[in-house]
Amino acid sequence: MEEKKNERPHSISWRDRAEGVVTGVTDVLSFDENTVVLQTGQGMLTVKGKDLHIGRLELSQGEVKMRGSVESILYSGSNPAKKGSLIRRMFQ
C-alpha cells in the first residue's frame, strides 16, 4: 500500500544571521530567547542564539519567521522519508 504524504516542502532561509523563515513546520516544541525547537517534516530543528524572537507563526501554512542573533541550526531525529527497513524500502 502506498502512503499519502501531506507534508509541505521544508526550507530554511536566513539573512545575515539575524532573521529568517523556516517552512514545513508542523509544531513549535519550545522557545525562549536562546533556543527555538521546531518539528518539521525532516525531523526536529533546533535554532540556538541570543535574543531570539518568533515574529510570525503560521502553523496552518507551516511557516515560522524568526529574528535574533543565530549561533547554530541543528537537525536531530531521522528524515521520515527514510524510515523503515532497507528491505521494505527496496521493494516499495
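Residues numbered from 1 in each chain as written. Predicted model: local features only at pLDDT ≥ 70, side-chain atom pairs only at ≥ 80, totals over all residues. Heavy atoms only, no water.

## So, unusual backbone geometry
- Positioned with a positive phi, R17 is a non-glycine residue whose angle comes to about 55°.
- Mapped onto the elements of the fold, R17 is located in the loop between strand 1 (11-15) and strand 2 (19-23).
- Backbone geometry at D51 places phi at a positive 50°, although glycine is not the residue there.
- Secondary-structure assignment places D51 in strand 5 (residues 43-58). (Helix = DSSP H or I, 4+ residues; strand = E, 2+ residues; numbered from the N terminus.)

## Remarks on the sheet that holds strand 4 (residues 35-40)
- Across the sheet, 6 strands lie side by side as 1-2-6-5-4-3; this open sheet has antiparallel pairing. Two strands in the sheet have a free side with no partner beyond their single neighbour: strand 1 and strand 3 (25-31). Averaged over all adjacent pairs, the angle separating strand axes in this sheet is 35°, with direction ignored.
- By the bridge criterion, 5 bridges tie strand 3 to strand 4 in an arrangement that is antiparallel. (Pairing = 2+ DSSP bridges. Axes fitted to C-alpha atoms, helices over the stretch in contact; angles between N-to-C directions.)

## Notes on a nonpolar patch on the surface
- Together, I12, I73 and Y75 make up a nonpolar patch on the protein surface, roughly 240 Å² of accessible area in all.
- If you trace the backbone, I12 turns up in strand 1. (Patch = residues over 30% accessible without salt bridge, like charges linked within 9 Å, V, L, I, M, F, W, Y side chains within 5 Å. Areas by Shrake-Rupley, 256 points an atom, 1.4 Å probe, with all protein chains shown as cover. Salt bridge = Lys/Arg side-chain N within 4 Å of Asp/Glu carboxyl O.)

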